[in-house]
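Each chain, letter by letter, is given below.
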Amino acid sequence: MSARSQVLEALADFARGTDARDWVTLRGLLADDVRGYGTDGAEQVIAQMRAHLDGCGPTQHLLGNHRVSFTGEDKARTWSYGRVMHLGAGDKASKTLELFGEYDDTWVRKGTGWVLHRRSFEISISLGDWGVLRKAQ
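In this report, we go over the structure that sits alongside the text.

What counts as what
- In every chain, residue numbers begin from 1 and rise along the written sequence.
- Given that the model is predicted, a residue must reach a pLDDT of at least 70 before its local features are reported, and side-chain atom pairs must reach 80 or more before they are shown or counted; all residues, however, enter totals for whole chains, interfaces and linings.
- Calculated side-chain values reflect all of the structure's heavy atoms, with hydrogen atoms and water omitted.
- DSSP calls a pair of strands paired once it identifies at least 2 bridges connecting them.
- Strands are runs of DSSP state E lasting at least 2 residues, helices are runs of H or I lasting at least 4, and numbering of each runs from the N terminus.
- Contacts: residue pairs with any heavy atoms within 4.5 Å of one another.
- All axes here are fitted lines through C-alpha atoms, helices being fitted over the stretch that makes contact, and every angle between N-to-C directions spans 0 to 180 degrees.
- Pairs were defined over the aromatic rings of Phe, Tyr and Trp, the Trp ring being its six-membered one, requiring ring centres within 6.5 Å. Orientation was assigned from the angle between planes: stacked under 30 degrees, edge-to-face over 60, tilted for the rest.
- Burial status follows relative accessibility: with a 1.4 Å probe on protein chains alone, a residue under 20% of its type maximum counts as buried, one over 50% as exposed, and anything between as partly exposed.
- The salt bridge criterion pairs a side-chain nitrogen of Lys or Arg with a carboxyl oxygen of Asp or Glu, the two atoms within 4 Å.

1. Some details on the sheet that holds strand 4 (residues 75–87)
- With respect to topology, six strands assemble into an open sheet ordered 2-1-6-5-4-3, the strand pairing being mixed. A strand with exactly one partner marks an edge of an open sheet, and here the two such strands are strand 2 (39–40) and strand 3 (59–72).
- Here 14 bridges tie strand 5 (residues 96–110) to strand 6 (residues 113–128), and the two strands are oriented antiparallel to one another. Residue pairing for strand 6: Phe-100 is matched across the bridge by Ile-125.
- Where helix 1 (residues 3–20) meets the sheet, it contacts strand 1 (30–36), strand 3, strand 4, strand 5 and strand 6, and its direction lies at approximately 150 degrees from that of strand 3.
- Along the sheet, helix 3 (residues 42–53) contacts strand 1, strand 2, strand 3 and strand 4; its crossing angle with strand 1, the most-contacted strand, is approximately 55 degrees.

Pasting the structure below:
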């Protein structure tokens, strides 16, 4: 499999792991010194993701229009359009939050795989109730 395909597979695995709330898989896809979701470090990134998703209903992170650039044999950067749907849970079950934007990610090769090193999401459209993102009740 080409390096480009490997990076895109890691990106898809990250989206799937997020939607499945598979924190073990997600931790394995993060560099120890990752920066993303407003914080630094793999454990802190997972904690931040959980603070938004543990009390949220089902999600779907739909990614497309991928562009990949390699800045070295073991470094890559991806840009991907994202359409992210969040359904509410509990007293927010009738609410949704849908986000449209572009992910800008950097990746580093770790052993035979790729891990996320930096992540940002530039939101261009936001529809719905941000209150669906919350810690477990």
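Picking up where we left off.
2. What to know about the packing of aromatic side chains
- Applying the stated criterion across every chain, the model contains two aromatic pairs.
- Geometrically, the ring pair formed by Phe-70 and Trp-114 is edge-to-face, given 6.0 Å between the ring centres and 65 degrees between the ring planes. Here Phe-70, found in strand 3, pairs with Trp-114, found in strand 6; they are 44 residues apart in sequence, far enough to count as distant.
- Taken together, a centroid distance of 4.2 Å and an interplanar angle of 25 degrees make the contact between Tyr-103 and Phe-121 stacked. Of this pair, Tyr-103 sits in strand 5 while Phe-121 sits in strand 6, and the two are 18 residues apart along the sequence.
- Residue classification places Phe-121 among the partly exposed residues on the basis of a relative accessible area of 24%.

3. A few points about the pattern of salt bridges
- Under the definition given, this model contains 12 salt bridges.
- Its salt-bridge partner being Arg-27, residue Asp-32 comes within 2.7 Å of it at the nearest N-O pair.
- For Arg-35, the salt bridge is made with Asp-40, and the minimal N-O distance between the two is 2.7 Å.
- Assessed through its relative accessible area of 42%, Asp-40 is described here as partly exposed.
- Through salt bridges with shared partners, a single ionic network connects Arg-27, Asp-32 and Glu-43.

4. Considering unusual backbone geometry
- Even without being glycine, Arg-21 reaches a positive phi, approximately 55 degrees.
- At Asn-65, a position not held by glycine, the phi torsion is positive, near 50 degrees.
- Assignment of secondary structure puts Asn-65 in strand 3.

5. A look at the environment of Ala-47
- Within the secondary structure layout, Ala-47 lies in helix 3.
- Remark: the alpha-carbon pair of Ala-47 and His-86, spanning 39 residues in sequence, is separated by 18 Å.

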